[in-house]
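The lines below spell out each chain.
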Amino acid sequence: MPTTVGSLRRLALAPSLRSVTFAARGFPVTETAATRRLEAIPEAVICGFEWGIDTRDQWELERRLELVEPEMRGFAYEGATMACTVLDAMAAGRGHRARDLLSGPAVPHTFLTYIGIGFAMARLPRPLWRTVLPDLTGTPYYPTMSWLAVDGYGFDRAYFDTATVVTAQRPLRPYPWLGRADYFPHAADQGIGRALWFIHGGIAPDVAAAVGRFSAPRRADLWSGVGLAATFAGGCDPAGLAALRRDAGPHHAQLALGAVFAAKARAFSGHEPAHTAGAVGALTGLSVPEAVALADEATTISASGPDGPPEYEVWRAGIRRHFDAVPSDIHR
């Protein structure tokens, strides 16, 4: 059952369902069945957050989250992680809700729960960021994939402060995540690229044009985020996906990299919707099992050492090299 304190926290911290709709955000989107499905994703995140703030224990939270349809369940876990991270921060580092959730029932949704930590970061003072990543030793991909928290932070800022982050293209201030402030802008831009997919309702030409308005050095990471969102969230028909691949031009390998990450995340969760297979095929030329195998193979690449890129980027580079080496038909 909800608690009084939890309900007050929810009212203070959680956006309303209406506030995350495309119309309320002022996004240039015409409502269709596809855009309504995309809108349901941030709504699922909000529901997960409210349950995470309100419920008394993990048992009840897990039961609620498992009631969500499989395609949307990871997004609800994303919101619940955001809530648990905020509650732990409010407990002055003594809380363990996020650790218990992320090392337990949320493990299949690891990729999305890290993003949920990033959503919490967007609502917490920076001095508290040093406590937001729990010790998840023994869980898959820890701490390498925790860079998705920075991705989530970038997505959140683009979604809720679009005028500053997207229209004015003001870069987000770096933070030494895992000791690497130099990589922070890259991971944040990957999240901003994901947000562009939602801001433009999955309309491929509009998304491509939005990426093209950013400075050239930022576009590779943005295209990676677009590929991840198009594949994981869906919302685009085959013709649109073909146009997206063509419009990515020299950044096709980055677009494909994002699609492979999405395929891996969906497969790891145990649920692969039809739109994921369609997008993987259109953007990479691979099946979902082939994309997952490519991602798994890339994880075996040795780290570059203390002076090289983070392991997260080493993994990404291993996937990207596959597409750099394979001739693309995008210019035909």
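Residues numbered from 1 in each chain as written. Predicted model: local features only at pLDDT ≥ 70, side-chain atom pairs only at ≥ 80, totals over all residues. Heavy atoms only, no water.

### Let's talk about helix 5 (residues 70-90)
In a regular helix each residue adds 1.5 Å, so 21 residues correspond to 30 Å; helix 5 covers 31 Å between its end C-alpha atoms and thus fits that length. For helix 5, the tally of buried residues reaches 19 of 21 residues, placing the bulk of the element in the interior. Taken from the residues just after helix 5, A92 is the one with a positive phi, measuring 60°. (Helix = DSSP H or I, 4+ residues; strand = E, 2+ residues; numbered from the N terminus. Expected span 1.5 Å × (residues − 1). Buried < 20%, exposed > 50% of the residue type's maximum accessible area, 1.4 Å probe, protein only.)

### Overview of the environment of G318
As for its placement among the helices and strands, G318 is situated in helix 17 (residues 311-325). The class for G318 is buried, based on a relative accessible area of 13%. In this structure, the C-alpha to C-alpha distance between G318 and G240, residues 78 residues apart in sequence, is 27 Å. In this structure, G318 is in contact with A298 and I301, ignoring residues within four places of it in sequence. (Contact = heavy atoms within 4.5 Å.)

### Here's the deal with the packing of helix 12 (residues 216-232) against helix 14 (residues 252-269)
In contact at an axis separation of 6 Å, helix 12 and helix 14 are set at 40° when each is read in the N-to-C sense. As the angle between them shows, helix 12 and helix 14 are arranged oblique. Between helix 12 and helix 14 lies a crossing whose hand is right-handed. When helix 12 is examined against helix 14, the residues A220, W223, S224, V226, G227, L228, T231 and F232 are found in contact with a partner set consisting of Q254, L255, L257, G258, A259, F261, A262, A263, A265 and R266. (Axes fitted to C-alpha atoms, helices over the stretch in contact; angles between N-to-C directions. Parallel < 35°, antiparallel > 145°, perpendicular 65-115°, else oblique. Left-handed = near helix turned anticlockwise from the far one by under 90°.)

### Remarks on the side chain of T35
Here T35 lies in helix 3 (residues 33-54). When neighbours within four sequence positions are excluded, T35 is seen to be in contact with F22, V29, T30 and G201.

### A closer look at the confidence of the model for the protein
With 92% of its residues at a pLDDT of 70 or more, the protein shows a mean pLDDT of 92. Residue range residues 4-8 is modelled with pLDDT below 50. Its contacts to residues more than four positions away, or to other chains, number four contacts. (pLDDT = per-residue confidence, 0-100.)

### Observations regarding unusual backbone geometry
Cis geometry is adopted by the peptide bond preceding P143, which originates at Y142 and carries an omega value of -5°. Turning to its location among the elements, P143 is positioned in the loop between helix 7 (110-121) and helix 8 (147-160). Positive phi, normally seen in glycine, also occurs at Q169, with a value near 55°. Within the secondary structure, Q169 is located in the loop between helix 9 (162-167) and helix 10 (184-199). Not every positive phi belongs to a glycine, and L178 is a case in point at roughly 50°. Here L178 lies in the loop between helix 9 and helix 10. A residue is classified by how much of its surface remains accessible, and L178, at 42% relative accessible area, is partly exposed.

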